[in-house]
Amino acid sequence: MFISGIRIGIMKVPDSMTSSSLSSSALSHDEMANAIRFLAMDAVEVAQSGHPGLPMGMADVATVLFRDFLNFDPTNPQWPNRDRFVLSAGHGSMLLYALLYLTGYPDMTLEQLKMFRQLGSCTAGHPEYGHASGIETTTGPLGQGIGNAVGMALGQEVLAANFGPDLFDYHTYVIASDGDLMEGICQEVASLAGHLKLSNLVVFFDDNHISIDGPTSLAISDQNISRFESLGWHCQAIDGHNETAIKEAIRKAQQTDKPSLIACRTKIAYGAPKKAGTAAAHGAPLGAEEVAATRAALGWSYEAFEIPESILTAWRKVGNRGSEKAKKWASNFKESAFRQEIERRLQGNLSPQWPTHIRDLIQQLKKEKPKQATRQLSQRVLEVLTPLLPELIGGSADLTGSNNTKAQAQKVITYSDFAGSYIHYGVREHGMAAIMNGLSLTGAFIPYGGTFLIFSDYMRPALRLSALMKRRVIYVLTHDSIGLGEDGPTHQPIEHLAALRAIPNLNVFRPADGIETAECWSLALEHLETPSVLALTRQSLPTIREEKASDNLCARGGYVLRDCQMSRKVTLIATGSEVHLALNVQEKLQAVGINAAVVSMPCWRLFDQQPKAYRESVMSPTTLRVSIEAAGPLGWEKYVGENGIIVGMKGFGASAPHDQLYAHFGFKAEIIAENIRSKLLEG
């Protein structure tokens, strides 16, 4: 079977991993942990770049976790019920790469370790989702991994509530650094995890007291145990180099009814005679002399990248440990009444009924011609979609009534009942976005979440990772311009559309009415490897689409909404709430004998992907091109050209009713039409 393009089943095992090579007697804990340490320091040394300290310091914790607790199968890396391991401290990426190689993930070879941080390798400086199996998420921007892990843990609870804990009972384990815990996003997601009592989540805090600048005491004096206890977590403090203490702490974490923080007091670059416990080991190679001294100190007499057969065999045996569990799960899954539904979700397929229902809604909207805000029209789309697509899991950052993100039939997820599909994230925009990424990475959900467009700044790092990881995550960002009115310039987005459009692999949709809103929702669902932003209005807009054809016109990014009868002189290009303004401008121009066409352009990115001939047929380069958008002007130059006109916001907004603001800032049909007439007279 295939899930999201990755085989679920048993992959061919290289000869070095066959059962005949797994007969050696068990080795000491130190020998197995040292294999991680030396692979990490050797790779960093060859690359002359990287962070050897964390892998060396957390090798003991990782060895115990992978050897004794983690349920995984390198031959079946996408086993849906595998435990998730997230290296939130992504700068220590060689810890993860070493573990993947040692446990026998086929695509993580010794050659890949030798190419650490080199172009074309799967061993990037920070772990990147999709580069190699076993990398559960892209980490590096600190705090993001913890946020993703909360989403993964929450996903397990929802899956178990809907399909049964016999199919989904996995744990999510995280290694986090002091920097992860310093980041504000950590507070957001840890607070929600504690509130929801996500007892399947275990975070190992690498409490080494060292940051890049020096001792952590330079900047913090936090009592993290007390802090996390106040958030509803079960907390322990242990010696991170004591095998027995690590085992006992994990056992306790698995038995509690709360998420767990295990503060592991470690020494960064453990084993290095001069650099252990210092910032010198944080972000630079140890150096040839210190590497040699570490080999002597730890009794490791092997050459760079050399792992003795007995140690590699022991590690490969660890990798084989989960194979039987995975096979047993697959056998149970084969007989499950939920099999088809789960497979559909994991393959990324949508229920076949939904397009028909969306087309019916569009026809209904064309008949009704409602004058409503696009945020309200978005909710009408959700009322249709959520019963048909149970994988849609929605939420809002404490703005549900304003974002219109909850359909009536959606049940709220609580710590006592996870069988819902709506999350109250609280005022935690950044955390919400990271959690949505984690939910998406389970493979079983299409998450969407709402806040005001102005607050996209708060969530931008996680939103960017949605695009980098090619995840189908949908951001419902309302109150998208000065049209929100009286809340004023603190809440009126100006530069935000341009900033979001600058992110690669992100579809930014700004629909003009209910028909475009339904079409943009459809496109957001259909793009499996691209996240989407739906920028929606607070103010009501008239219905502008009346054609009988059922084609999704928004799929081409931009299209001629209303052409002119005679030879075109002007092309008016607008998005969202300014499209109906462009139609009014067209009428004003027509009244003075100037032929203009109106182009609705809900998605720049999709328009840019169209063939040149189509783009030119829409834009008509020989005409005077005029863009109209109640936002910053950046980016419109490429559409209007050197001699075009950009009607946009040149500064911040103001507090007033939206109609007064539009007039004040020049968004009036009479003003725009007169400026166009003057421009034509000049030329």
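Just above sits the structure.
Residues numbered from 1 in each chain as written. Predicted model: local features only at pLDDT ≥ 70, side-chain atom pairs only at ≥ 80, totals over all residues. Heavy atoms only, no water.

Here we look at the overall build of the protein
Here is step 1 of the chain: When helices and strands are tallied, the protein shows 27 helices and 20 strands.
Here is step 2 of the chain: In terms of overall dimensions, the protein is globule-like: its C-alpha atoms have a radius of gyration of 28 Å, near the 26 Å expected for 683 residues.
Here is step 3 of the chain: Each principal axis of the C-alpha distribution contributes one length, and for the protein these read about 90 × 55 × 50 Å.
Here is step 4 of the chain: Here the protein holds 683 residues, and 61% of them are scored as buried.
Here is step 5 of the chain: By element, 50% of the accessible surface of the protein is carried by carbon and sulfur atoms, the whole surface being about 25800 Å². (Helix = DSSP H or I, 4+ residues; strand = E, 2+ residues; numbered from the N terminus. Rg over C-alpha atoms; globule rule 2.2 N^0.38 Å. Buried < 20%, exposed > 50% of the residue type's maximum accessible area, 1.4 Å probe, protein only. Areas by Shrake-Rupley, 256 points an atom, 1.4 Å probe, with all protein chains shown as cover.)

Focus on the sheet that holds strand β8 (residues 234-239)
Here is step 1 of the chain: Reading across the sheet, the five strands line up as β3-β4-β5-β9-β8 and stay open at both edges, with parallel pairing between neighbours. In this open sheet, the two edge strands, each paired with only one partner strand, are β3 (84-87) and β8. On average, each strand axis in the sheet is inclined to that of its neighbour by 15 degrees, with strand direction left out of account.
Here is step 2 of the chain: Summarising the sheet, β8 and strand β9 (residues 260-265) pair through six bridges and their orientation is parallel. Residue pairing across strands places Gln236 opposite Ile262, the latter belonging to β9. (Pairing = 2+ DSSP bridges. Axes fitted to C-alpha atoms, helices over the stretch in contact; angles between N-to-C directions.)

With respect to unusual backbone geometry
Here is step 1 of the chain: Despite not being glycine, Phe305 shows a phi value in the positive range, around 65 degrees.
Here is step 2 of the chain: Here Phe305 shows up in the loop between α11 (288-298) and α12 (309-320).
Here is step 3 of the chain: One non-glycine residue, Asn505, lies in the positive phi region at around 55 degrees.
Here is step 4 of the chain: Within the fold, Asn505 resides in the loop between α20 (496-501) and β14 (507-509).
Here is step 5 of the chain: Classification of Asn505 by relative accessible area gives buried; the value is 18%.

Considerations on the sheet that holds strand β20 (residues 645-647)
Here is step 1 of the chain: The strand order β16-β18-β17-β19-β20 describes an open sheet built from five strands, whose pairing is mixed. Each edge of the open sheet is held by one strand with a lone partner, namely β16 (559-562) and β20. Direction aside, the axes of adjacent strands within the sheet are offset by 30 degrees on average.
Here is step 2 of the chain: Strand direction decides the pairing type here: strand β17 (residues 570-574) and strand β19 (residues 624-628), joined by five bridges, are parallel. The residue bridging Ala574 from the neighbouring strand is Ile628, located in β19.

What to know about the side chain of Ser532
Here is step 1 of the chain: Tracing the sequence through the fold places Ser532 in strand β15 (residues 532-535).
Here is step 2 of the chain: Aside from chain neighbours lying at most four places away, what touches Ser532 is Val473, Ile474, Tyr475, Leu506, Asn507, Phe509 and Ala524. (Contact = heavy atoms within 4.5 Å.)

Looking at the state of the cysteines
Here is step 1 of the chain: This structure, assessed with the given rule, holds zero disulfides.
Here is step 2 of the chain: Between Cys264, a cysteine without a disulfide, and Cys235, which holds the nearest cysteine sulfur, the sulfur-to-sulfur distance is 12 Å.
Here is step 3 of the chain: Since its relative accessible area comes to 0%, Cys264 is described here as buried.
Here is step 4 of the chain: Free cysteine Cys554: the closest other cysteine sulfur is in Cys520, separated by 4.0 Å. (Disulfide = S-S within 2.5 Å.)

Considering helix α16 (residues 374-388)
Here is step 1 of the chain: Its 15 residues give α16 an end-to-end C-alpha distance of 21 Å, which sits within 8% of 21 Å, the value for a rise of 1.5 Å per residue.
Here is step 2 of the chain: Largest kink in α16: about 25 degrees, centred on Leu382.
Here is step 3 of the chain: Where α16 is buried, its residues meet α15 (354-368), β10 (392-396), α17 (400-403), β12 (446-452), β13 (474-478) and α21 (514-526). (Expected span 1.5 Å × (residues − 1). Bend = angle between axes of the 7 residues up to and from the residue.)

Side note on the packing of helix α6 (residues 144-163) against helix α18 (residues 429-441)
When two helices pack together, their arrangement is captured by the angle between the axes and the distance separating the axes.
Here is step 1 of the chain: Viewed as axis vectors pointing N to C, α6 and α18 meet at an angle of 55 degrees, and their least axial separation amounts to 6 Å. The angle between α6 and α18 places the two elements in the oblique class. Note that α6 runs across α18; the crossing there is right-handed. Contacts between α6 and α18 pair Gln144, Gly147, Asn148, Val150, Gly151, Met152, Leu154 and Gly155 from the former with His430, Ala434, Ile435, Asn437, Gly438, Leu439 and Leu441 from the latter.
Here is step 2 of the chain: Looking at the contact of α6 with α18, its residues break down into seven nonpolar, eight polar and no charged. (Parallel < 35°, antiparallel > 145°, perpendicular 65-115°, else oblique. Left-handed = near helix turned anticlockwise from the far one by under 90°. Nonpolar A, V, L, I, M, F, W, Y, C, P; charged D, E, K, R; others polar.)

Section: the nonpolar core
Here is step 1 of the chain: Core analysis: the biggest nonpolar cluster contains 71 residues, and Leu154, Leu198, Leu201, Trp233, Tyr475 and Leu500 have the highest contact counts within it.
Here is step 2 of the chain: The next biggest cluster of nonpolar side chains, apart from the first, holds 68 residues, and it includes Leu65, Phe66, Tyr97 and Ile250. (Core = buried A, V, L, I, M, F, W, Y, C linked by side-chain atoms within 4.5 Å.)

Quick notes on the environment of Tyr129
Here is step 1 of the chain: Structurally, Tyr129 can be placed in the loop between α5 (110-114) and α6.
Here is step 2 of the chain: Its relative accessible area of 24% is what places Tyr129 among the partly exposed residues.
Here is step 3 of the chain: Note: C-alpha distance between Tyr129 and Phe667 (538 residues apart in sequence) is 44 Å.
Here is step 4 of the chain: Apart from residues no more than four positions distant in its own chain, Tyr129 is found in contact with Ile135, Glu136, Thr137, Thr138, Leu441, Met469 and Arg471.

Side note on the environment of Asp222
Here is step 1 of the chain: Checked against the element boundaries, Asp222 lands in the loop between β7 (214-215) and α9 (224-230).
Here is step 2 of the chain: Distance from Asp222 to Met182, taken between C-alpha atoms, is 9.1 Å for residues 40 residues apart in sequence.

Concerning the pattern of salt bridges
Here is step 1 of the chain: In the structure shown here, the tally under the stated rule is 28 salt bridges.
Here is step 2 of the chain: Note that Arg510 and Glu629 form a salt bridge whose closest N and O atoms lie 4.0 Å from each other. Taken together, the residues Arg510 in the loop between β14 and α21 and Glu629 in the loop between β19 and α25 (637-640) connect sequence positions 119 residues apart. One exposure class covers both Arg510 and Glu629, and it is buried.
Here is step 3 of the chain: Residues Glu547 and Arg545 are paired through a salt bridge, measuring 2.9 Å at the closest nitrogen-oxygen approach.
Here is step 4 of the chain: Exposure remark for Glu547: the relative accessible area of 24% places this residue in the partly exposed category.
Here is step 5 of the chain: Among the residues examined, Arg545 registers a relative accessible area of 1% and is labelled buried.
Here is step 6 of the chain: A cluster of three or more residues bridged by salt bridges with shared partners is formed by Asp480, Arg501, Arg510, Glu578 and Glu629. (Salt bridge = Lys/Arg side-chain N within 4 Å of Asp/Glu carboxyl O.)

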